[in-house]
Amino acid sequence: MIKTIPQDVSLGISNLRSFYSKHTLTGFFLFFFLCVAPSAFSQGGTCAEIEPFCAGNEAFIFANCNEDEPSCTLAAEPGPDYGCLIQQPYPAWFYLQIDEAGSLDFEIVQNTEFDVNGNPIGTGLDVDFIAWGPFAQGDDLCDYSQLQSFNEIGCSYSIQPVETFSIPNAQAGEIYVLVITNYDESAGFIKLGQTGGTGSTNCDIVLECSVTIDGGDQSYCDVDEVTLTTSTTGPVQSYQWYLNNTILTGETSETLTVSETGDYKVSIDGTDCDTTEEDEVTVTFLELPCNISVCTSIDFEEDFGTGTERVCLDPNVSSSTYICNDTTQIEDGQYCIYNTSTGLNTGWHVGMEDHTEGDVDGRMLFVNAAFDPGEFYRRSIILTENENFSFNAWITTVYDTDTNICGGNSIPANVLFRIEDPSGALIAETNTGDIPNGPDPNWLQFSITFNTGANTEIQLVLINNSIGGCGNDLAIDDITLTKEGESPTIETPPDLTECNASGTGTAIFDLESQIPTILNGQNPADFNITFHLTQGTAELNQNAIATPGAYENTSNPEAIYVRVEKASEPTCFSVVSFNLNIAEELVLTTDLPDTIELCSTDPFPALDATVTNTGIDITLATYLWTDTSGTTVSTDPIFTPTAAGVYTVVVTYTPSCSEETFTVEVIVYDPATIDLGADQVICEGTEFQIVPTITGNTTGITYLWSPGGQTSPTITVTEAGTYSVEITTNGLCSATDSVTIAVTESPIVELGEGFETCFEEATILDASPSNYDPATATYQWMLDGVVIPSEINATIDVTLYGYGTYSVTVTADGCTGEDSVTVSPRSDLIVSIGDGFNTCPDEPQTLTATTDETDVTYQWFLNGTPITNETSSTLNFEVPAGSIGAQNYSVVITKGDCSGTAAADITLYDIDNCTITQGISPNNDGYNDALDLTFLQERVGIDKLQIFNRYGTLVFEQSNYSNEWFGQTNEGDELPSGTYYYVINLLGNDAVYGPQASGFIYINRETK
């Protein structure tokens, strides 16, 4: 019967699909696909939802996607080449895997209805398909670049409801991808099945589910937490984790993060899994140091050999106070050496084996303790003196409590271990304490450490420390005496560095290349060497890197831990670490300049290309120098050229895959030549310009003169000395020359300071040089710049030529000296006749000319006209009445060509005839308004003026009077018209009025 499943029935594959999110085929089986017959399942609408398909013996039927289902994918995703499918509505993605090789024929039928036998009984619906392949396990089935025409194996876009395709010559394990489209877009069912061929599809992987916790039992050192991951096969849908068989609530994913030691189990299931599967691992968390290296050498070992017969102790080697019973049941106080406990005593464990691992029919020492405590084993052992040893022995009780022979009151075993010297003196001892009996053997190890001291032989003694009876039966095995040793001596190797050639930050490292450095000359055959990713796994000897000769790092940097253990003693090891580094490409730098310029007279400099990057081992850099022609000239970092040219160095730093090319142009210049000419002699006070003559290359020329430090092309000098100049061209090449300048003394001429003269006597200028014989010099005189041809001597009488600037040029020994002087008329002849004044008409007056000059002559003038015969220093005169205006009297004094003048204005008083008026009319008309006595004030001075009225009363009085009374009282009141009497007291005896004048004066205030 055909089983049909409606489209909305979930087949439970989503969890599996999410786990294999990229559809990568790992292992042999990857995705869930049905392989029941007959059956049906839902379709994947995108490649990300691709479904597995198994043909089996019968076809599969599933509900199609159509226009009535909103959750369906409307059209195939872009990316693949869909070949003949012009349109791809409602796609269904499948893949199948070949089980048996051969050809396979498939049929695709789309119909609105199928009967119980899988026959279409409804309306046929147009169905199309395309198939690609083959693909290999591990390929990404949704890699669009592979779903292209070159991988197409079949395609049909017909209008038929039935399509067929074949896979010829299919090989086991190949995978094929199939897309079926519903061109009709109507609701219905699709039937997919294999109709023929010799090959078959793989159905086993559909129903077989399995789970493995990756890594198995695990121990971690100095790690806080780890995540357990799982690998599954089949259509797994659910996960459940347990710790120590206790369910971990909520932990239902494919991974589990753990942080405590315990037994972790995961249980998986799925609707289409045959059974529930589980896996369990033990996870152990350890703290550093996780495993201490135990370096001991076994000096003595007693494992009692192998064999299937009962034997006794060799009396030549060891002894016992107990009786060896090698035939019957072992009783109290007896022992034997045998490979099994079976048959030795009715109450003992049956089938018990010895403790020694890996031996076959290994024997052990069985002891049924005597009733009284006592020695049951003694052996002499040769050891080295003054060494530390450890005694170890494994003991188990052999009475089986399940036999209940002792009725629950069995006697525990108790053994005393003693180390004695040959004389029986105690060196060390330890007691096991009571060792309880049990239902199973329980091997326990007991140890004691001691130092041999001066002894080279010791006695190992085992003493029963309990009573005999029911119980106190024991077996002993693997007695050893070990000596403490040293861990392997190893060296820390340098880090390994590879280039990031792939750009992914990873590279392949040969970890084993570090072994010679780590062992430092030791024989590798003496050691077991493994490489680990953590200190803890190295100490625990877990999770060693599988391919250390070709390891690809997973981080940058990544630490690698190397466990080096003695091959003869695996518990004795040392751990060393180094880093794996992925070097990023480094931009190499140097101090090389782009250009070096030098002068042909300079030595060639060394070109230093040494890498200047910090943080790297520059000794690993290599260098290749070539010249302009490409010829290799050096492989050293420093190269010294011997000629001008362009030099190239390629610097390579292998650890970072870095390479840089640097170019240096070496330019050589020829220096210019310089000539300052012959030495020169110049006259003192003159200057000389030194002009160099330069030949050759003058590019960028600069100058530096000495002394002085001038930088000009030429210099002008005035002093004696040696002058040099250094020229520099191209900023590099220099040349120097010098010239000596001598200075001849010029004639020293001093005509003196300019002066004034009246030429009243001869004036001589003398140009005789003070530093030369005047007779050896020549002279040229000039007046105001005009040469005086006749004057060629050292002296000149300037009186002959008058005033002006006289200059002279004196020449001696080819050098000249000059000086000049200005001769000016005197402007300082001073004469004074006093200030002008007023006078009365015909009044005698005298003017006197005063001067500091001597030998002068005088001439007086009136209004600019010489006064005849008036040539003395005084002038007596009178101003005639009627003279109008000021009369200017002046005098000129003369001395040689110089003269001086003084003048004074003499004016008549306004008052007629210089008389006292008899009346005033103070009406402010400007005429006769006041009593004007100015002439008396100026002539003799007025002491006081007094005015009296007709009654003799004093009405006005003023001292030092001139013209201040205009008819007022002392209080300023106007006096009435009338006659008044005045009295004038003079300061001197006036020629007209004497010492006092008095009389009447009338005030007239009438107006017309």
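Residues numbered from 1 in each chain as written. Predicted model: local features only at pLDDT ≥ 70, side-chain atom pairs only at ≥ 80, totals over all residues. Heavy atoms only, no water.

You'll find the protein chain entered in an unreviewed UniProt entry as Gliding motility-associated C-terminal domain-containing protein, with Ulvibacter litoralis given as the organism.

Q: Looking at this model, I keep getting lost on the pairing of strand S69 (residues 954-959). Mind explaining?
A: On any regular strand, side chains alternate: one points to one face of the sheet, the next to the other face. Bridge count between strand S68 (residues 942-948) and S69: five bridges; the pairing is antiparallel. Bridge assignment links Phe 948 to a residue of S69, and that residue is Leu 954. Count of turn residues in the S68/S69 antiparallel hairpin: five residues, of which Gly 952 carries a positive phi of about 85 degrees. (Pairing = 2+ DSSP bridges. Helix = DSSP H or I, 4+ residues; strand = E, 2+ residues; numbered from the N terminus.)

Q: What is the right way to look at the sheet that holds strand S62 (residues 857-862) in this model?
A: Strands belonging to one sheet form pairs held by backbone hydrogen bonds; the direction of such a pair is parallel or antiparallel. Read from one edge to the other, the open sheet built from five strands follows the order S60-S66-S65-S62-S63, with strand pairing classed as mixed. Whereas interior strands pair on both sides, the edge strands pair on one side only; in this sheet they are strand S60 (837-839) and strand S63 (865-866). Pairing of strand S65 (residues 887-895) with strand S66 (residues 898-908) involves nine bridges; the strand directions are antiparallel. Its bridge partner being in S66, Thr 894 is matched across the sheet by Ser 899.

Q: Looking at this structure, I do not really get the layout of surface pockets. What am I missing?
A: Once rolled over the atoms, a probe with the size of a water molecule shows which space is left empty. Quantified by volume, the largest pocket comes out at close to 560 Å³. In this structure, the largest pocket is lined by 17 residues; those nearest its centre are Ile 298, Trp 394, Gln 445, Thr 480 and Thr 482. When contributions to the lining of the largest pocket are tallied by element, the ones reaching two or more residues are strand S20 (296-302), strand S26 (388-397), strand S31 (473-484) and strand S37 (569-583). Broken down by class, the residue content of the lining of the largest pocket amounts to four nonpolar, nine polar and four charged. (1 Å grid on protein atoms, 1.4 Å probe; cavity = no way out; pocket = protein on both sides within 12 Å on 5 of 7 lines; lining within 4 Å. Points joined across faces, edges and corners; volume = space filled by probe spheres on them. Nonpolar A, V, L, I, M, F, W, Y, C, P; charged D, E, K, R; others polar.)

Q: What is the right way to look at the nonpolar core in this model?
A: If you look at soluble globular proteins, the nonpolar side chains tend to sit buried side by side. In terms of nonpolar packing, the biggest core is built from 34 residues, with Phe 391, Leu 460 and Ile 479 touching the most fellow members. The set of elements that each furnish at least two residues to this core consists of strand S23 (334-338), strand S24 (364-368), strand S25 (374-382), S26, strand S27 (415-420), strand S29 (444-451), strand S30 (457-464) and S31. Other than its neighbours up to four places away in sequence, Phe 391 contacts Phe 417, Ile 419, Phe 446, Ser 447, Ile 448, Phe 450, Leu 460, Ile 479, Thr 480 and Leu 481. Counting residues in each nonpolar core, the second largest holds 24 residues, with Cys 914, Ile 920, Phe 935 and Trp 965 among its members. (Core = buried A, V, L, I, M, F, W, Y, C linked by side-chain atoms within 4.5 Å. Buried < 20%, exposed > 50% of the residue type's maximum accessible area, 1.4 Å probe, protein only. Contact = heavy atoms within 4.5 Å.)

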